[in-house]
Each structure stands twice: as C-alpha cells, then as structure tokens.
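Geometric and topological summary
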Amino acid sequence: QVQLVESGGGLVQAGGSLTLSCAASGTIFRINTMGWYRQAPGKQRELVATITLGNNGNYADSVKGRFTISRDGAKNVVYLQMNTLKPEDTAVYFCHILRGPGEGTWGQGTQVTVSS
C-alpha cells in the first residue's frame, strides 16, 4: 500500500512564498508522474503542476512563472515552490502520484491560505 504525506501549507500574505512537500512511502517500484492539484471552496479540483519521470514539468496557465515543481527520485518526494502568491491561490492542495495505468494515489491535502 502506498501512502502520501504532504506538508508545508499554511497562511501567507499576498506576494509571499510557500513550499509544499509530498513524500511517498510503501511498496513503490517506480513513480511515473507526480503532481499537485488544488480545490478551492465551491470549485472543482484542478491541476496545478505535474512532473514526469524524466523531469518534464507541466503547469496550469494560472501558475506559470510563479510556481515550480520538482522531484527527488531517490526519496520519492515531490515539491511545489510557490512564489508571488495571490489570494486566488487559496485552496486545499493535493499531491498525486501515478505509478502506472490505474495506479494513482492521492494525498490527504494541505491548506494554503493567501491573505490580501
């Protein structure tokens, strides 16, 4: 069984920065894609950023140039560096990993609140 533990959320003022971390543990042979999604109150969960096994990053237009996703393959950890945060970035951020077809796992979520 695979588990994800997220950390790094919190309250920050607009223009500030936060770094989220997500560590995967359990029986893991390989993680193909790691990513971050977010869900604001009353809205659907949306993709923030993903990173492939080859370290190719993909970002939502709303965070391009402000957020950076990275991964440590040896430790099975994915990071999300968030800069120049805006109030509209406020959401619960979820980590997701994909080990293979139909083998996705979600984290429990971490709250990010950006005050204006």
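As a starting point, this report considers the structure included with it. (Residues numbered from 1 in each chain as written. Predicted model: local features only at pLDDT ≥ 70, side-chain atom pairs only at ≥ 80, totals over all residues. Heavy atoms only, no water.)

**Considering the nonpolar core**
The line we're drawing: Nonpolar cores were defined as sets of buried Ala, Val, Leu, Ile, Met, Phe, Trp, Tyr and Cys residues, with membership established by side-chain atoms within 4.5 Å. Categorising residues by exposure relies on relative accessible area from a 1.4 Å probe, with only protein chains included: less than 20% of the type maximum marks a residue as buried, more than 50% marks it as exposed, and the intermediate range marks it as partly exposed. Runs of E in the DSSP output that reach at least two residues are strands. Runs of H or I that reach at least four are helices, and both are numbered from the N terminus. Residue contacts are defined here by distance: any two heavy atoms, one from each residue, within 4.5 Å place the two residues in contact.
Among the nonpolar cores identified, the biggest contains 28 residues, and W36, V48, F67, V78, L80, M82 and Y93 are the most heavily contacted of them. At the level of elements, β1 (2–7), β3 (18–26), β4 (33–39), β5 (46–51), β7 (67–72), β8 (77–82), β9 (91–98) and β11 (110–115) are the ones that each hand at least two residues to this core. In this view, V48 contacts W36, Y37, R38, N58, Y59, A60, V63, F67, L80 and Y93; residues no more than four positions away in its chain are not counted.

**Considering unusual backbone geometry**
One non-glycine residue, N55, lies in positive phi territory at about 65 degrees. Positionally, N55 belongs in the loop between β5 and β6 (57–59). If you check the backbone angles, N76 has positive phi at about 55 degrees while not being a glycine. Along the chain, the position of N76 falls in the loop between β7 and β8.

**Considering the packing of aromatic side chains**
Using the following cut-off: Two rings from Phe, Tyr or Trp (for Trp, the six-membered ring) form a pair when their centres are within 6.5 Å of each other. A pair whose planes differ by under 30 degrees is stacked, one over 60 is edge-to-face, and the rest are tilted. Counting as a charge over the ring demands two things of the Lys NZ or Arg CZ atom: a distance within 6 Å of the ring centre and an angle within 35 degrees of the ring normal.
All chains considered together, the criterion is met by two aromatic pairs. With 5.0 Å between their ring centres and 70 degrees between their planes, Y37 and W106 make a pair best called edge-to-face. On the criterion of sequence distance, the pair formed by Y37 in strand β4 and W106 in strand β10 (residues 104–106) is long-range, its members being 69 residues apart. Here W106 falls in the partly exposed class, since its relative accessible area comes to 39%. One aromatic cluster in this structure is built from Y37, F94 and W106. When the ring centre of F94 is taken as reference, the NZ or CZ atom of R45 above it lies at 3.7 Å. Over the ring of W106 we find R45; its NZ or CZ atom is 4.6 Å from the centre of that ring.

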